[in-house]
Amino acid sequence: MHRDQLNLLLYAQGNPLLTDIGYPEQTDAFNHRRTGYFSNTIAHNTVVVDEVAQGRGPGTLHAFSTEGFAQLVDASCDAYPGKVGLYRRATMLVDAAPGKAYTFDVFYAHGGKQHDWALHGTQADLIATPPLPVAQEGGTLAGPD
């Protein structure tokens, strides 16, 4: 079972931008990474709560539109039953110019103590405005030790 509720894949001009690495190149019983990493929530483009893999719960489609200059999908699910009261993703694809668009992606998670939003893509140059802070060279997000 893949724990990938509200996973998002993106493709542009025939190329994958956000890929799903939850489906490994080797799927036999001898691949220890298959159960230890690939089948877990962190291998998908979604939010992990408290470093625990998702459960399975029902989902709700709140909005879906392919009309106009902006396409929208808004969905939620019960991926962490009893732990997370809100687990919802809204993604919009907005036409910026002929042949060009941008994606606006918002993830809401309420409950638990730690939320890790993992996105897996191909190699690309990243440009951010305003600029991102300098990368941390040691320790963890919890501190230097």
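Calculation notes
Residues numbered from 1 in each chain as written. Predicted model: local features only at pLDDT ≥ 70, side-chain atom pairs only at ≥ 80, totals over all residues. Heavy atoms only, no water. Helix = DSSP H or I, 4+ residues; strand = E, 2+ residues; numbered from the N terminus. Buried < 20%, exposed > 50% of the residue type's maximum accessible area, 1.4 Å probe, protein only. Contact = heavy atoms within 4.5 Å. Areas by Shrake-Rupley, 256 points an atom, 1.4 Å probe, with all protein chains shown as cover. 1 Å grid on protein atoms, 1.4 Å probe; cavity = no way out; pocket = protein on both sides within 12 Å on 5 of 7 lines; lining within 4 Å. Points joined across faces, edges and corners; volume = space filled by probe spheres on them. Nonpolar A, V, L, I, M, F, W, Y, C, P; charged D, E, K, R; others polar. Core = buried A, V, L, I, M, F, W, Y, C linked by side-chain atoms within 4.5 Å. Polar contact = N/O pair within 3.5 Å; in protein donor to acceptor, adjacent residues only side chain to side chain. Patch = residues over 30% accessible without salt bridge, like charges linked within 9 Å, V, L, I, M, F, W, Y side chains within 5 Å. Salt bridge = Lys/Arg side-chain N within 4 Å of Asp/Glu carboxyl O.

A. Broad picture of the overall build of the protein chain. From N to C terminus, the protein chain includes 1 helix and 8 strands. Counting over 145 residues, the protein chain shows a buried share of 27%. Sequence-distant contacts, at least 24 apart, represent 52% of the contacts inside the protein chain between residues at least 6 apart. Total accessible area computed for the protein chain in this model is approximately 10100 Å², and 58% of it derives from carbon and sulfur atoms.

B. Representation of the layout of surface pockets. Roughly 740 Å³ of internal volume is contained in the largest pocket. If you trace the largest pocket, you find 23 residues lining it, with Leu-10, Leu-17, Leu-18, Tyr-102 and Thr-103 closest to the centre. Ranked by the residues each element gives to the lining of the largest pocket, the list is headed by strand S7 (residues 100–111), at 6 residues. Looking at the lining of the largest pocket, its residues break down into 15 nonpolar, 5 polar and 3 charged. In this structure, the second largest pocket encloses a volume near 150 Å³. Taken together, the elements giving at least two residues each to the lining of the second largest pocket come down to strand S4 (59–65), strand S5 (70–77) and strand S6 (84–97). Within the lining of the second largest pocket, the residues separate by chemical class into 7 nonpolar, 5 polar and no charged.

C. Layout of the nonpolar core. Counting residues in each nonpolar core, the largest one holds 11 residues, listed as Leu-6, Val-47, Val-48, Val-49, Ala-75, Cys-77, Ala-79, Tyr-80, Val-84, Tyr-87 and Phe-107. Counting residues per element, the ones that place at least two in this core are strand S3 (47–49), S5 and S6. Here Val-47 is in contact with Thr-41, Gln-54, Tyr-80, Tyr-87, Phe-107, Ala-109, His-115, Asp-116 and Trp-117, once residues within four sequence places are set aside.

D. Representation of the environment of Arg-88. Tracing the chain through its elements places Arg-88 in strand S6. When the C-alpha positions of Arg-88 and Val-47 are compared, they lie 9.8 Å apart, and in sequence the two are 41 residues distant. Apart from the residues lying within four places of it in its own chain, the contact partners of Arg-88 are Leu-6, His-62, Asp-74, Ala-75, Ser-76, Val-106, Phe-107 and Tyr-108. A polar side-chain atom of Arg-88 sits 2.7 Å from a polar atom in the side chain of Asp-74.

E. Representation of a nonpolar patch on the surface within the structure. A cluster of nonpolar side chains, contributed by Leu-61, Phe-64 and Val-73, occupies part of the molecular surface with about 310 Å² of accessible area. With respect to the helices and strands, Leu-61 occurs in strand S4.

F. View of the environment of Asn-45. Along the chain, the position of Asn-45 falls in the loop between helix H1 (32–38) and S3. Along the chain, Asn-45 and Ile-21 lie 24 residues apart, while their C-alpha atoms are 8.9 Å from each other. In this view, Asn-45 contacts Leu-6, Asn-7, Leu-8, Leu-9, Leu-18, Thr-19, Arg-89, Ala-118, Leu-119 and His-120; residues no more than four positions away in its chain are not counted. A polar contact is formed between the side chain of Asn-45 and the backbone oxygen of Leu-8, at a distance of 2.9 Å.

G. Here's a closer look at the pattern of salt bridges. Tallied over the full model, the rule gives 4 salt bridges. Among the ionic pairs, Lys-83 bridges to Asp-50, the shortest N-O distance being 3.4 Å. In this pair, Lys-83 is assigned in the loop between S5 and S6 and Asp-50 in the loop between S3 and S4, connecting sequence segments 33 residues apart. The class of Lys-83 is partly exposed, set by a relative accessible area of 35%. Taking relative accessible area as the criterion, Asp-50 reaches 22% and is therefore assigned partly exposed.

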